[in-house]
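Given next are the chains, with one letter for each unit.
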Amino acid sequence: MDDDLDGVLDGVGPRLRALRQERSATLADLSATTGISVSTLSRLESGQRKPTLELLLPLARAHRVPLDELVGAPVPDDPRLHPKPIERNGMTMWPLTRRPGGLQAYRALIPPGNRAEPEQKSHEGYEWMYVLSGRLRLLLGDHDLVLAPGEVVEFDTHVPHWFGNTGDQPAEVLVLFGPQGERMHVRARPSRR
């Protein structure tokens, strides 16, 4: 068991170096992003320092990879994702991406009958929504829109917004959310008239 653990830990340094070099980043760049000193990063990459969770978590975040990738965890035999649903504001969301940071994808199910007074909020980021089924009401600044299946909306989340289901059927929506500056693009044919 100790030999297995030592083997896993010995492989972390070369993986860290390879990830950094793939991104053409210097140790100083990575230090500025993570808050970990250049000397500690250098010792981690060379295997002179054992990696700890305290060091690996910010490095995984900086490289935008799951922690499993840093430690070389074996790939499961079953490639299917089994995401755990997230309950938020009366809706259920299933994460479709596993990578921390960057662009995130969710499948959202919004139950019918949200009759509460909508409260628009704003935050950092950019959002793209595609209605799979049902009807989705979106308040976006001064706009009050009802989106039907097949309709897409894209917006800067600095603009005050709220969305919900005011119909009597569940609404299922595909949501992509990214940090500010990451925009999604959909190419569609013009509608035939």
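Structural data are supplied above this passage.
Predicted model, so just to flag it, every value in this text is computed and none were measured.

*Asks:* In this structure, what is going on with the sheet that holds strand β5 (residues 136–140)? I would like to understand it.
*Replies:* The strands that make up a sheet pair up through hydrogen bonds in the backbone, lying either parallel or antiparallel. Here three strands make up an open sheet; going across it, the order is β6-β5-β8 and the pairing antiparallel. Single-partner strands in this sheet number two, and they are β6 (143–147) and β8 (161–164). In this sheet, adjacent strand axes meet at a mean angle of 15° when their direction is disregarded.

*Asks:* Quick question: what am I supposed to make of the packing of helix α2 (residues 27–34) against helix α3 (residues 38–46) here?
*Replies:* Axis angle and axis distance: for two packed helices, these are the angle between their axes and the distance between the axes, and together they describe the pair. In the contact formed by α2 and α3, the axes pass within 9 Å of each other and the chain directions differ by 115°. It follows from the interaxial angle that α2 and α3 lie roughly perpendicular. In this structure, the crossing between α2 and α3 has a hand that is right-handed. Residues Leu27, Ala28, Leu30 and Ser31 of α2 pack against Val38, Leu41, Ser42 and Glu45 of α3. Tallied by class, residues from the contact of α2 with α3 come to five nonpolar, two polar and one charged.

*Asks:* What's the story with the pattern of salt bridges in this structure? I'm lost.
*Replies:* Opposite charge on two side chains permits them to pair, given that their charged atoms come into close proximity. Scanning the entire structure with this criterion turns up five salt bridges. Residue arginine 17 is joined to glutamate 45 by a salt bridge in which the shortest nitrogen-to-oxygen separation is 3.5 Å. With a gap of 28 residues between them, arginine 17 in helix α1 (residues 2–22) and glutamate 45 in helix α3 connect regions that are remote in the sequence.

*Asks:* So what exactly am I meant to see when it comes to the environment of proline 160 here?
*Replies:* The residue proline 160 is located in the loop between β7 (152–156) and β8 in this model. Through-space distance from the C-alpha of proline 160 to that of lysine 121 is 4.8 Å; in sequence the pair is 39 residues apart. Excluding residues within four positions of it along the chain, proline 160 makes contact with Gln120, Lys121, Ser122, Leu139, Leu140 and Gly141.

*Asks:* How should the packing of aromatic side chains be read in this particular structure?
*Replies:* Remark: the centre distance and the inter-plane angle together describe each pair of aromatic rings, the angle taken between the planes. The tally for this structure, following the rule as stated, stands at one aromatic pair. Seen in terms of ring centroids, tryptophan 128 and tyrosine 130 are 6.3 Å apart; in terms of plane orientation they differ by 10°. Their pairing is stacked. Taking the ring centre of tryptophan 94 as reference, the NZ or CZ of arginine 107 above it sits at 4.2 Å.

*Asks:* Quick question: what am I supposed to make of the sheet that holds β7 here?
*Replies:* Pairing is antiparallel across the open sheet formed by six strands, whose spatial order is β1-β2-β3-β9-β4-β7. Across the chains shown, the open sheet's two edge strands, defined by having one partner strand only, are β1 (86–88) and β7. Direction aside, the axes of adjacent strands within the sheet are offset by 25° on average. In terms of strand pairing, strand β4 (residues 126–133) meets β7 through five bridges, oriented antiparallel. Looking at the pairing, tyrosine 126 lines up with aspartate 156 of β7.

*Asks:* Is there a simple way to explain the nonpolar core in this structure?
*Replies:* Soluble globular proteins tend to bury their nonpolar side chains together. Among the nonpolar cores identified, the biggest contains 17 residues, and Ile110, Met129, Leu136 and Phe163 are the most heavily contacted of them. Sorting the residues of this core by element identifies β2 (91–95), β3 (104–110), β4, β5, β7 and β9 (171–178) as the ones contributing at least two each. Each residue touching leucine 136, except ones within four places of it in the same chain, is listed here: Ile110, Met129, Val131, Leu145, Val146, Leu147, Phe163, Gly164 and Val173. Of all hydrophobic cores here, the second largest spans 14 residues; its members include Leu19, Ile36, Leu56 and Ala60.

*Asks:* Just to check I follow, could you spell out the side chain of histidine 161 for this structure?
*Replies:* Along the polypeptide, histidine 161 turns up in strand β8. Among the polar contacts made by the side chain of histidine 161, one reaches the side chain of histidine 123 at a distance of 3.3 Å. Of the polar contacts made by the side chain of histidine 161, one reaches the backbone oxygen of valine 159; its length is 2.9 Å. Beyond its immediate stretch of four places on either side in the chain, histidine 161 contacts Glu119, Gln120, Lys121, Ser122, His123, Glu127, Leu139, Leu140 and Phe155.

Quick notes on the rules
Residues numbered from 1 in each chain as written. Predicted model: local features only at pLDDT ≥ 70, side-chain atom pairs only at ≥ 80, totals over all residues. Heavy atoms only, no water. Pairing = 2+ DSSP bridges. Helix = DSSP H or I, 4+ residues; strand = E, 2+ residues; numbered from the N terminus. Axes fitted to C-alpha atoms, helices over the stretch in contact; angles between N-to-C directions. Parallel < 35°, antiparallel > 145°, perpendicular 65-115°, else oblique. Left-handed = near helix turned anticlockwise from the far one by under 90°. Contact = heavy atoms within 4.5 Å. Nonpolar A, V, L, I, M, F, W, Y, C, P; charged D, E, K, R; others polar. Salt bridge = Lys/Arg side-chain N within 4 Å of Asp/Glu carboxyl O. Phe/Tyr/Trp six-rings, centres within 6.5 Å; stacked < 30°, edge-to-face > 60°. Lys NZ or Arg CZ within 6 Å of the ring centre and 35° of its normal. Core = buried A, V, L, I, M, F, W, Y, C linked by side-chain atoms within 4.5 Å. Buried < 20%, exposed > 50% of the residue type's maximum accessible area, 1.4 Å probe, protein only. Polar contact = N/O pair within 3.5 Å; in protein donor to acceptor, adjacent residues only side chain to side chain.

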